[in-house]
Amino acid sequence: MPKKIAVLLSTYGEVEEVSFKKLYPNSSRILYYITSRIANLPKPLQIFIATMRSLKRKSYWKKLGYRSKLNEITRSQAKALQSILNQESNKVTYVVRDAYYFTPPHFEDVVRSVQDFDAIITVPMIPVESEFACGIACYIKFNQFKDLALQKTRILKHLWNDERLFEICANHIFEHLPKNLPTKLGLALTAHGTLVKDTNGETPKINTGYEETLMFFEKLKSAIERDKRNVFSSIKLGAMNHKFGGEWMPETLEKALQEFKAEGIDEIVMFPFGFFADNSEADLEGVEEAEAAGFNVHYVSCLNDSPAFMHWLANRVKHVSEWFELTSPTT
């Protein structure tokens, strides 16, 4: 009988129904799993923040007619990944599930549903490791599952630091360039920002992923600049920061846009290299900020369920499954 491996595609998750009933639990879990790690907020203040955030997002998204595609894309990624893994394996049956930190199906519930599997591999769908990304999966596992977290589970690591990923990202960008390119075109590589100093002005004791984000950017930038198809006059990192919790990284999207303007660039391509699936931060907030600054923006989607990306991810899963001595990696 084939062994069974559960593969969990884990990410934040965003509500698909724009209602206060859906948004409030989402906001509450964000406060619990992220904000509470960097700020000690009294319970009444947490309730107030979650309420105001939910009302604000409901109003904002409904006004724009926006609907997040994050969970829908993650489900498509899970379906594609499962198909590829099982096509290439006779010894193992892979079952791929989507699992979210902030929306149902919640990560901890999906882990419970696969506890009888021979192995569980968590695949973070945010490429850079930090306490605010894959660290949430680790936190949940160690706090709710204890021994299980050590016995038969593994988390894919260092997804960002892979030459093949740089190649896939570069190809994805060039394949989606607009026609009739201007003489001067900028490329904004966007990502979720992170802390560099805590509220006391000290370097955070937790892993924020700051250095890794910078290295990821530099390596991807170099891969794009080396490519014969490169048409960009300037390539910049655009971090989308929060406002509270300390000092956030200075390489902001706002700064990048100001520098583009100073260089005489008013048309840009925007690619969210810091996410593996489109979400409101990537395809809404980042685009709106650039357009409000006067730029003509060509948004290139995240890698989503593109074939090259899904095959690369399948190979990374196969390599991790070697630890369980259940299968061999593909070539």
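Nothing here was measured: the structure is a model prediction, and the numbers come from that model.

Draft legend 1. Highlighting the nonpolar core. One finds L189 and I224 to be the most contacted residues of the largest nonpolar core, which totals 55 residues. Not counting residues within four places of it along the chain, the set of residues in contact with L189 comprises I173, F217, L220, I224, I235, K236, L237, G238, F271 and F273. By size, the runner-up hydrophobic cluster in this structure holds 27 residues, among which are I38, I120, F132 and A137.

Draft legend 2. Molecular detail of the layout of surface pockets. Estimated volume of the largest pocket: approximately 1700 Å³. Lining the largest pocket are 48 residues, and of these R53, R57, N241, H242 and E285 sit closest to its centre. Among the secondary structure elements, those contributing two or more residues to the lining of the largest pocket are α1 (20-38), α2 (43-64), β7 (234-240), α9 (253-262) and α10 (280-292). Broken down by element, the residue count for the lining of the largest pocket peaks at eight residues, all from α2. Of the residues in the lining of the largest pocket, the class split is 26 nonpolar, 13 polar and nine charged.

Draft legend 3. Seen up close, the pattern of salt bridges. With the rule as written, the count across this model stands at 11 salt bridges. In this structure, R29 engages E108 in a salt bridge whose closest nitrogen and oxygen atoms are separated by 3.1 Å. With R29 in helix α1 and E108 in helix α4 (residues 107-113), this residue pair connects regions lying 79 residues apart in the sequence. Accessibility expressed as a relative area gives 14% for R29, which makes it buried. Judged by its relative accessible area of 7%, E108 falls in the buried class.

Draft legend 4. Inspection of empty space enclosed by the protein at higher detail. Scanning all chains against the criterion turns up one cavity of 30 Å³ or more. Lining the largest cavity are 17 residues; nearest its centre among them are I126, V128, S130, H192 and T213. In the lining of the largest cavity, the residues fall into 10 nonpolar, seven polar and no charged.

Draft legend 5. Molecular detail of the side chain of K152. Along the chain, the position of K152 falls in the loop between α6 (147-151) and β4 (153-155). Although K152 is buried, it makes no salt bridge; D116 carries the closest opposite charge, 6.4 Å away. Polar contacts involving the side chain of K152 include one to the main-chain carbonyl oxygen of F117, which spans 2.6 Å. Not counting the four nearest positions on each side in its chain, K152 is found in contact with Q115, D116, F117, D118, A119, I120 and F324.

Draft legend 6. Representation of helix α3 (residues 70-87) within the structure. Taking 1.5 Å per residue as the helical rise, α3 with its 18 residues ought to reach 26 Å, and the 26 Å between its terminal C-alpha atoms agrees with that figure. Along α3, the residues that are buried comprise L70, N71, I73, T74, Q77, A78, L81, I84 and L85. Viewed end-on, α3 has its buried residues packed into an arc of 150 degrees, placing them on one side of the element. Structural note: α3 exposes K79 and Q87 on the side pointing more than 90 degrees away from its buried face. Looking at the buried positions of α3, the neighbouring elements they touch are β1 (3-11), β2 (92-100) and α11 (307-321).

Draft legend 7. Seen up close, the sheet that holds strand β3 (residues 119-124). The sheet built from four strands is open, its strands ordered β2-β1-β3-β4 with parallel pairing. The two strands at the open ends of the sheet, each matched to only one other strand, are β2 and β4. With strand direction ignored, the average angle separating the axes of adjacent strands in the sheet is 20 degrees. Here β3 runs beside β4; their pairing, made up of three bridges, is parallel. Paired with T122 across the two strands is I155, which belongs to β4.

Calculation criteria
Residues numbered from 1 in each chain as written. Predicted model: local features only at pLDDT ≥ 70, side-chain atom pairs only at ≥ 80, totals over all residues. Heavy atoms only, no water. Core = buried A, V, L, I, M, F, W, Y, C linked by side-chain atoms within 4.5 Å. Buried < 20%, exposed > 50% of the residue type's maximum accessible area, 1.4 Å probe, protein only. Contact = heavy atoms within 4.5 Å. 1 Å grid on protein atoms, 1.4 Å probe; cavity = no way out; pocket = protein on both sides within 12 Å on 5 of 7 lines; lining within 4 Å. Points joined across faces, edges and corners; volume = space filled by probe spheres on them. Helix = DSSP H or I, 4+ residues; strand = E, 2+ residues; numbered from the N terminus. Nonpolar A, V, L, I, M, F, W, Y, C, P; charged D, E, K, R; others polar. Salt bridge = Lys/Arg side-chain N within 4 Å of Asp/Glu carboxyl O. Lys, Arg positive; Asp, Glu negative; His and termini not counted. Polar contact = N/O pair within 3.5 Å; in protein donor to acceptor, adjacent residues only side chain to side chain. Expected span 1.5 Å × (residues − 1). Arc of directions from axis to C-beta. Pairing = 2+ DSSP bridges. Axes fitted to C-alpha atoms, helices over the stretch in contact; angles between N-to-C directions.

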